[in-house]
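Observations on the three-dimensional arrangement
This is what each chain is made of:
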Amino acid sequence: MLEFRRSFNCCKSFGCSNLGRVNSPDYTHDSYHLGFRALHCQRCGSYPPWVDDASVSQLLSQLLEQHFQPRLNTCPNCAPRLLMDHNPEYQHYGRTGAGNPRVRCKSCHKVYTLGRWTVNEHMPAILLALASATPPLQTMQQLTIAPKIYYQLLGRLAQGLRSWSREQEQQLKQRPVQRLLSESQIIKFSGNRGLWTLASADADSGYILLHSHNASHQPMSVEGVYQSKPDSRLAQFDELSILQALRQRYEQTMQRSHFEELNLGELQSLRGGYLAKPALLAYAHFQALRVFSDSHQHIHHYLEQESCIRGAALMGCAERIHTKLAEVFYIIRHQQGETAIPPEGHNVGWWNDRWYPDEFGAYCPITSRHHYTHPFKLTAASACEDFFSYVRQQVPTQLKSLAPLESLFEVARCLFNYCHSDNLGQSPAMRAGLVSERLTPEQLLYTAAEALAGEEAGSKKGD
């Protein structure tokens, strides 16, 4: 069973033997030498900012519940999660008075009733309306249904599409090498409300694997809650040369009180939510991402140039970094990459990071080695940016409550992966080899429903 890291207060410097290791005798805890609470690693001299482990654990639990829900039609006692746990077999155990099949779990012997995920008469229209960015109120009026019914059906849509798509994604876990791309952006709503989101994609196909945000359904601790401060996000500086843009971004990073303190400006949570500090969400996100990455022999992880997520990404694969089975890189998209940076690379910034040119812009090895087992290869460089643009089109800006957001985001993720196409007419799922053609929203819905019904029939073993 996958074990997630629960403590993040450790060294995060590549090249230090303490990278990712907790409770080293080289550590001095609660150091304020640089003006903020930090851990001091005496072996390498670094001062990684202190991380509120309890808040990360809270956010991680929420992510696992949202994105890897228990499988449909499975034992409620064993509650195996999608992509994480083995689905226990069952045997028939009679029927209910209404004629529904009863089964007994072969693992824990609990008896339960099988249900079915079915397509309601309004679900095709709701999914089509979401795909065409029709406002929810307009859809409710067209279908003459109450808001309560609309959001119940939206939740069922998300549940079924998530279950089917996660089963599809099992195929992506079989590859010997996994290349990941992770980037962040703010999604804003009316009334100065919004949240910070983090997306991770399969870097070869652009298929979105995980999309998280920093709004918690439960109150955050004083150490974990986001306090509105002047925006410290890094600008793109597209009008400058790529080297000038990189220098400016490093200078902006140095102006922060510490490198993991990403401020989003004045931002309020949606009703029913509590905003967490972005760095804490990053630590939880990259732990949840291990559901995909831990089955691969080798990992390449490509990150936007943002120090707030650097340490979290390293903690997502620290053990593999020590054994040379994982590499982490910064990237920047810029039109001048191949022409402005020499092939042998160029040092930039206070840390003298070495940046190398590529057709999308440039990349910088965070895990800097003399030789890589697998070469740097980023095919779908704009995948996360494309997805964020798609989400902004699909999710209504007038949204006030956090309650339906998970369902809206999940439906958007599935529509983007299976229905959205590039200029060649291919969807991310096609490029990933999960489907042979781009699906329409209606095809997506009925393909999922048919597969889930077949999954129910196929799991009836031991009769």
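So, here is what we can say about the structure in this document. This structure is a prediction, so every number in the text was calculated from the model and none was measured. (Residues numbered from 1 in each chain as written. Predicted model: local features only at pLDDT ≥ 70, side-chain atom pairs only at ≥ 80, totals over all residues. Heavy atoms only, no water.)

**Description of the packing of helix 6 (residues 278-288) against helix 8 (residues 307-315)**
The description of two packed helices rests on the angle between their axes and on the distance between the axes. At a closest axis distance of 8 Å, the pairing of helix 6 and helix 8 adopts a crossing angle of 25 degrees. With respect to helix 8, the axis of helix 6 lies roughly parallel. Of the two elements, helix 6 crosses helix 8, and the hand of that crossing is right-handed. Here Pro 278, Ala 279, Ala 282, Tyr 283, Phe 286 and Gln 287 of helix 6 come into contact with helix 8, specifically with Cys 308, Ile 309, Gly 311, Ala 312, Ala 313 and Met 315. Taken together, the residues of the contact of helix 6 with helix 8 sort by class into 10 nonpolar, 2 polar and no charged. (Axes fitted to C-alpha atoms, helices over the stretch in contact; angles between N-to-C directions. Helix = DSSP H or I, 4+ residues; strand = E, 2+ residues; numbered from the N terminus. Parallel < 35°, antiparallel > 145°, perpendicular 65-115°, else oblique. Left-handed = near helix turned anticlockwise from the far one by under 90°. Contact = heavy atoms within 4.5 Å. Nonpolar A, V, L, I, M, F, W, Y, C, P; charged D, E, K, R; others polar.)

**Things to note about the environment of Ala 245**
Turning to its location among the elements, Ala 245 is positioned in helix 5 (residues 242-254). The class of Ala 245 is buried, set by a relative accessible area of 0%. Taking the C-alpha atoms as reference points, Ala 245 and Gly 311, separated by 66 residues in sequence, lie 22 Å from one another. (Buried < 20%, exposed > 50% of the residue type's maximum accessible area, 1.4 Å probe, protein only.)

**What to know about the packing of aromatic side chains**
This model, assessed by the stated rule, comprises 21 aromatic pairs. Connected via pairs of aromatic rings, a cluster forms that spans Tyr 302, Phe 329, Tyr 356, Phe 360, Tyr 363, Tyr 372 and Phe 376. (Phe/Tyr/Trp six-rings, centres within 6.5 Å; stacked < 30°, edge-to-face > 60°.)

**Structural notes on the pattern of salt bridges**
Once their charged atoms are close, side chains differing in charge can pair, the charge on each being opposite to the other. Under the definition given, this model contains 17 salt bridges. Between Asp 30 and Arg 37 there is a salt bridge, and its shortest N-O distance comes to 2.7 Å. Between Glu 410 and Arg 162 there is a salt bridge, and its shortest N-O distance comes to 3.8 Å. Taken together, the residues Glu 410 in helix 12 (residues 405-418) and Arg 162 in helix 4 (residues 147-168) connect sequence positions 248 residues apart. Connected through salt bridges with shared partners, the residues Arg 162, Arg 166, Glu 169, Glu 410 and Arg 413 form a single ionic network. (Salt bridge = Lys/Arg side-chain N within 4 Å of Asp/Glu carboxyl O.)

**Some thoughts on the side chain of Ser 216**
Looking at the secondary structure, you find Ser 216 in strand 9 (residues 215-216). Engagement of the side chain of Ser 216 in a polar contact is seen with the side chain of Gln 58, the distance being 3.1 Å. Discounting chain neighbours no more than four positions away, the residues touching Ser 216 are Gln 58, Leu 59, Gln 62, Gly 272, Gly 273, Tyr 274 and Leu 402. (Polar contact = N/O pair within 3.5 Å; in protein donor to acceptor, adjacent residues only side chain to side chain.)

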